[in-house]
Each structure stands twice: as structure tokens, then as C-alpha cells.
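A structural walkthrough
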Amino acid sequence: MSMDTGWDNPAYEVTESENPKVAIGIGGDVQHDGDMTSNGDCTGHGANGSIDVTSSPLPSKKENMVHPAGERPVSTVSAVSTTMLYPKEDDADVKCGWLGLRPECIQCWYVPAGFLFFLCVFVFAQSMVTNGFVYVVTSTLERRFNLSSAKSGAISSAYDFTIMAIVVFVTYFGEKGHKPMWLGVGAVIFGIGSWTFTLPHFVSNPYNPGVGSVDETCPMNSNATDPSCDDDDQNLSRYYWYFIVAQILHGFGSCSIYTHGQTFIYNNVSQGTASMYIGVIMAVSTFAPALGYICGAMFLSIYTDITVRDDAEIEPTSPLWVGAWWIGFLVAGVIALCVSVPLMAFPRHLHGWKKVELERVNTAQAGSEFSMQAGFEGSLKDFPRAVYNLIKNIPLMCINFAVSAENMIVASVAVFGPKYIESMFSISSMKAALIVGFAVFPTSLIGCLLGGWLIKKFNLLFRGQIRMVIISLAFSWGCMLMLLLTCPNLPFAGVTVVYGNASVDLSQDGVDLNATCNYDCMCGNEYDPVCGAEDNVIYYSACHAGCVTVDDKDPVNKIFSNCSCITSEMSNAGGSATQGRCEYPMCNIAAPFLLCVIAVLFTSLLIIVPSVTMLYAVVSPDQRTTAMGVQSLMYRAFGTVPGPIIFGYLIDQACLIWEESECDNGRVCWLYDNSQFGSYAFTILFCCRFVSICFFVLAYVFYKPISETAPVEGITNITFQGNGNADLPSKHDDAFVVGTAYETRPL
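Nothing here was measured: the structure is a model prediction, and the numbers come from that model. (Residues numbered from 1 in each chain as written. Predicted model: local features only at pLDDT ≥ 70, side-chain atom pairs only at ≥ 80, totals over all residues. Heavy atoms only, no water.)

What follows deals with the confidence of the model for the protein chain. Averaged over all residues, the pLDDT of the protein chain is 76; the fraction at 70 or higher stands at 74%. For residues 221-225, every residue scores under 50 in pLDDT, and the model assigns this stretch ten contacts once sequence neighbours within four places are set aside. (pLDDT = per-residue confidence, 0-100. Contact = heavy atoms within 4.5 Å.)

Quick look at the structure:
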């Protein structure tokens, strides 16, 4: 076969490298059977063969043999000085553009940092919606569309269920595909999903908080008027399916972000730089939800129907208030659609990706080697073998189960964390969202970036990273004990205290909103709480407080009087009440609770980057994206999908007051038993953290890298000598090493 050879072959380029990482063989193998040099100075023999080494002076470049290095190292070797010969890259494969349009003015973005920027913009929009806005508006959607906690949890889980159903196929068939194109198309689908999420606001009737729809006061010896229900009110809960469809679109659009996106970065930059880049991506993915909580709280301070705000007799402090939950989804949809254009312009690879791959240290689990056949048909045939190859990788599966447990924690807390704080400390949903946002904001940035920096600074390989993970999780596990401390329940007449005597606890005796003092009032079921001026007790409504008269000169802050259920020393007719719930100071556990929450968040976020890089470390280079897909499937199947549903079901059991809708049979919880709420939260989170620590320990125990199964010992220097005119393949995907003096370095 005729071909250009040696240094004159135009298909290759020469670069100098101070300290390359060079492959010798696979698991003790060398690449070729028999003699590997023209002069016999270095030979290798078959599978699990030997390497004969002689020390000799480093020859000049023209005298050196060219040694193919297409496989991963048995052990890591570093060179005193090396000349590297790399195949030249096709310009069409590494230039930015759309189809045949590749303008020079956009080529400045064709660098890893450029791709990182646009990927982070997409990550920002995606995380702000799926991990921020969706969770911030959970309690608001429950009030607006009569949804139970189980249904709101299902809305969150629909996103994860979608990804779970498709992620393995998307990642496997995209392993050798155009990853930036996958990301761009995903951004378009995600933007459409965000706009779909807002449709219930635009197609439903204006919000009716129920103020004044029934008799507010106690009409003695008369029947209460049933609330009017128009066609839209009777079917409010049908909008639940709009949210489900939107979340399915979100799932399709987001599927490639943390699989194709992170793998593309990892494949195109050095190992140390990759940890920092992934740290930036994960910092954005956790910083964005924090900003989503903060912005979501601001949007919730705006009345949901902006055009009729002046006519609404309600204030943000009212528990019936519904804010403009839909604004954030519109904005995020625009961002996702805009960033899809530059993402589609990036090529399949960035310049220098072959050199990066050659110099990377191979720490894969022994027996995990895999090579995919070319073409769609070959890939399809290899699919079962590829999945089985990952399943039998014990450290990988242990990491996946550990990450699943951690994601159950993250999903449960993200969905119901604001509600927990809202209930425990008796604050509005807007304030709860702000507290969560400001807690996540600094910890997300510092935790993720610090995790990536520690890996790069101390050059942590698999075992070093997993030790860091176990220590961090063990510390935050202890901090979770703070969940056992809870605030006392609010004094609520007929629910936690008896009517007329706030010192008697009713929490264990069941709920009864009717009493002798309001028996003849025939009160309705609509929740519109009032606060007793004399006893500082919350009543379900002015009617339930037995109030007869109302001063509604100020329609927002009404004052009720002659309330028979409120004992007054000034009037035999009863006391008075003001509209809205009573204001209570935060209980004394607020400060230590928030400090422990920040500590748990910080240590949990510190492990995000190593949990990604550890996965890449234990699998074959040809299976990195597929491995991310399998992990994504597992942590959704065992974590983020069942987590919110289970958590939502449990906290529904802690509900003390249900408002049953007379229009569509939906129901909303207005008050939780804080002790039960805290116990359920502690049980789920504490057990999940224990499971994750156990699996990370097992991954550490079962990890056996290739270098340990077939070590190369006693090599201090290797010199390759040969004929400078040795033939080079005209088409070869890997680099070649010429004239190197080596020194062994343990993995």
C-alpha cells in the first residue's frame, strides 16, 4: 500500500509536549504482537505480554521510530521531552457555522470557553425553570387550581419521568453524534415547554379569591349561600394536564444538557481543566434555581391578573393571595430559544480534541473496555452489549445508586422546602422563597466551584475524590438532626386549640371547626381566616368566629365585631377580629435551623463535581455519554421521580385543615402539623443520606483500575529507537509518539 511516511506525511502535524501522558497497552497488553521496534530495543508480546526495555540515549528526531499509541495506559508515564505527531483535523469538522454557512466573524467563539458560555446560558434557563420557578410556584398553583400536594408533586415528577424514559437512547445514539446540535434542538423544545406552562393563566378566567362570595359574617338562624361556580371554576383542576404536558416538553429539551453537554466539555479539554469547567456548569445549575427562587418571590408579589389588580380586594399578606407565577416561565422560554441558535453552530469537536484524549490518564475500571461499531446499524446491534458493559461495572453502579439517593433528597427538598419553611415559621410563600433563594445563592457558587478546584489543585483521581465525597456527606448527615427540632403549631380555633380557651391543645383530638358559639351560623367551607384581636387566635373565617357585623370601609383590611367565639372583657356580645392570619414572631429555632440548612447545602453541593468526574473516570472513553444517560435514568427512576410523590403523600398525612372545593372536588391544605411534617422530612432525608454514604463506600472498596490488575513495575526509563522512515497509516484516529524518555508514575 502506497502512502506518505514519516515526518513528511501531510495528514499529521507535529507538536512539542513537555509532559505527555502516553499509552503503552491495554491491561498489560501491547498494541502489536511480536517485535515493536526495528532495532529490537523495545518489544511486546501479545495479550498480557511483556515489555522489554533498554536504556539508551535519547536519539534525534529523525532517528526515532514512530510508535502508535491508540489505546489507554497500563500505567501512567511522563516524558522528559517528547515530540508528538497528531493527525490534522478537517476544517469542516471543527469550524462554527450552520450547514454550509461558516462566517469567519463567529470563529472567535470556537474555543472551549465559548461553548461553556452558551451551554451555561442554556443551563441557567433550564435550571431556573425546572429547579426554581416550578418549585417556587407549587403552593401558588395548589391554591389557584385546587391541586393537592400529591398532584403538585406529580407535576415535578413528570419532568424527570420523561427524561428517565428517553435518556439512555438519546445518550447512546448521540455518543458519536453532533452533540452541540442535540443541545440546540433541545433548547428549542425546552422554550416551547416553558411557554406551554403559562397557558393555564391565559386561557382560564381571572382568579377569584372567594372574598365576598359567601356571607362573611354569621347570619343567625339562616342557611349559608352556596358559592357560585361557572364552567371554568368547575374544571379548574383540568389545567393540571397543561402543566404535565409542559413538563414533558421540558424533559425532552433538557435531556442532553448534562449528558451531551458535559461530555462534550470533558472530551475537548484536559482532565484538570475539565473539573473546573464542570464546576462552572454545576455552579450555574445550582445558582440559577437560587435566582429563580428570588425572582419567583418578586413575581409572586405581583397580583396574578395584572390587568385587574386595582379591583382585587386582597393583599400579598393574605393566604388567599395568588401572585404572577407565570412571568418567569415566559422569560426563560425566550432565553432558551435565543441560545439555541449559537449552540447549533458549534462543530462536532473542538480543535485539539485528539491530543487531549491521548494525554488523558486512564483510570477506568478493569474490564470496562468498550468500542462501538461504526454506523447506525452497528450501534443498534451494540446497544445491549453497551448497557450490559456498564451494568457489570460495580463501582459505576454503586455511584449511580448513591447519586439516586442524593437526588431523592434534592428533589424532595426543592419541591417542598419552601412549603416546609412557610409552615414551620408561619411566613408567606414569598418570604419562604426568598429565604431559600438567599441560602442557596452563595452555597451553590462556592460549593460547586470549590469542589472542581480541589480536584484540580490536588490532582485528585478516583480514590481521592471519593474520599472527599464521603467526608462531606458524613458531616452534612449529622447536621440533618436539626430537622427533629420543630416550631409549635399555630393557635387555630377548632384545630389546635379549643374555642374560647387557647391554652387547651386539640392537636391530638381531631379537627372540628364547629362549636356552640357558631353552631347556628351555618358557615360555608371557603377559607378566609381572621385573627381574634383579644385572644390572638386564628379562626377559619369571620363566620366561624361568630362575627355578626363588619366594617368594610377598607375592603382590604376589614374589621369584624360582635364575634361570639372570641371572649372579650369589654363586651358581652363578643370580641373583634381583623381579616387575615395573626402575625407571630419566628420561633427560637429559626437561626440554628437556617445555619444547619446552609451547612447541609454547602457540603451536598461540594460533591456535585466529583460525582460527575468519578463517573467519567471509571468507564471507557467510548461510553462516557452513555454512562451519564444510565446514571440519569437511575437517579430519576429511584430518586427524583418517586421522591416528590412519596414526600408529597407523607406531608398530606400531616395536614390539619383541608378546604374541599365545592366546584371541582379539589382540595387544598391550609395548615400542617409541624411535628409530623418535621418527622416525615427527617425520616426521608436521613435514610437517603445513609444509603448514599454506604454506596459511595462500596464504590471505593470495589474500585480496581486497569493499572492494578496488570501493573508494569520497575520501568524507570524507556527509549524508543527505530527507523525514521517507518510507514505511518494514512488514516489513523490516534496520535503517535516519537523519541521519548519516560518515567513511570503510579495512578
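Right, picking up where we left off after that structure.
In this section: the packing of aromatic side chains. Counted according to the given criterion, the structure contains 41 aromatic pairs. Consider the rings of Phe 133 and Phe 329, whose centres lie 5.8 Å apart with planes at 55°: the pair is tilted. Taken together, the positions of Phe 133 in helix 1 (residues 112-136) and Phe 329 in helix 10 (residues 327-345) put the pair 196 residues apart, joining distant regions of the chain. Since its relative accessible area comes to 0%, Phe 329 is described here as buried. Between Trp 453 and Phe 458, the ring centres sit 6.4 Å apart and the planes meet at 80°, which makes this aromatic pair edge-to-face. Grouping aromatic residues by their ring pairs yields a cluster made of Phe 133, Phe 145, Phe 197, Tyr 239, Tyr 242, Phe 243, Phe 299, Trp 325 and Phe 329. Above the ring of Phe 145, the side-chain terminus of Arg 144 is found at 5.0 Å from the ring centroid. The cationic tip of Lys 151 hangs over the ring face of Tyr 240; the distance from NZ or CZ to the ring centre is 5.3 Å. (Phe/Tyr/Trp six-rings, centres within 6.5 Å; stacked < 30°, edge-to-face > 60°. Helix = DSSP H or I, 4+ residues; strand = E, 2+ residues; numbered from the N terminus. Buried < 20%, exposed > 50% of the residue type's maximum accessible area, 1.4 Å probe, protein only. Lys NZ or Arg CZ within 6 Å of the ring centre and 35° of its normal.)

Evaluation of the coordinates by the stated rule reveals seven disulfides. Shown here is the disulfide that connects Cys 218 with Cys 521, its sulfur atoms set 1.7 Å apart. Its S-S torsion of approximately -90° makes the covalent link between Cys 218 and Cys 521 left-handed. Taken as a pair, Cys 218 in the loop between helix 5 (199-203) and helix 6 (231-234) and Cys 521 in the loop between strand 8 (501-505) and strand 9 (530-532) lie far apart in primary sequence, 303 residues in all. Judged on exposure class, the residue Cys 218 and its partner Cys 521 are both buried. (Disulfide = S-S within 2.5 Å.)

Bringing the sheet that holds strand 9 into the picture now. Taken in spatial order, the five strands make up an open sheet running 10-9-13-12-11, and their pairing is antiparallel. A strand with exactly one partner marks an edge of an open sheet, and here the two such strands are strand 10 (538-539) and strand 11 (549-551). As paired strands, strand 9 and strand 10 are joined by two bridges and run antiparallel to one another. From the neighbouring strand, Val 530 faces strand 10, where its bridge partner is Tyr 539. (Pairing = 2+ DSSP bridges.)

Inspection of the sheet shows strand 9 paired to strand 13 (residues 575-579) by three bridges, in the antiparallel sense. Within the sheet, the bridge partner assigned to Cys 531 lies in strand 13 and is Thr 578. Of the strand pairs in this sheet, strand 12 (residues 559-563) and strand 13 are connected by three bridges, and their pairing is antiparallel. If you follow Phe 560 over to strand 13, its bridge partner there is Ala 577.

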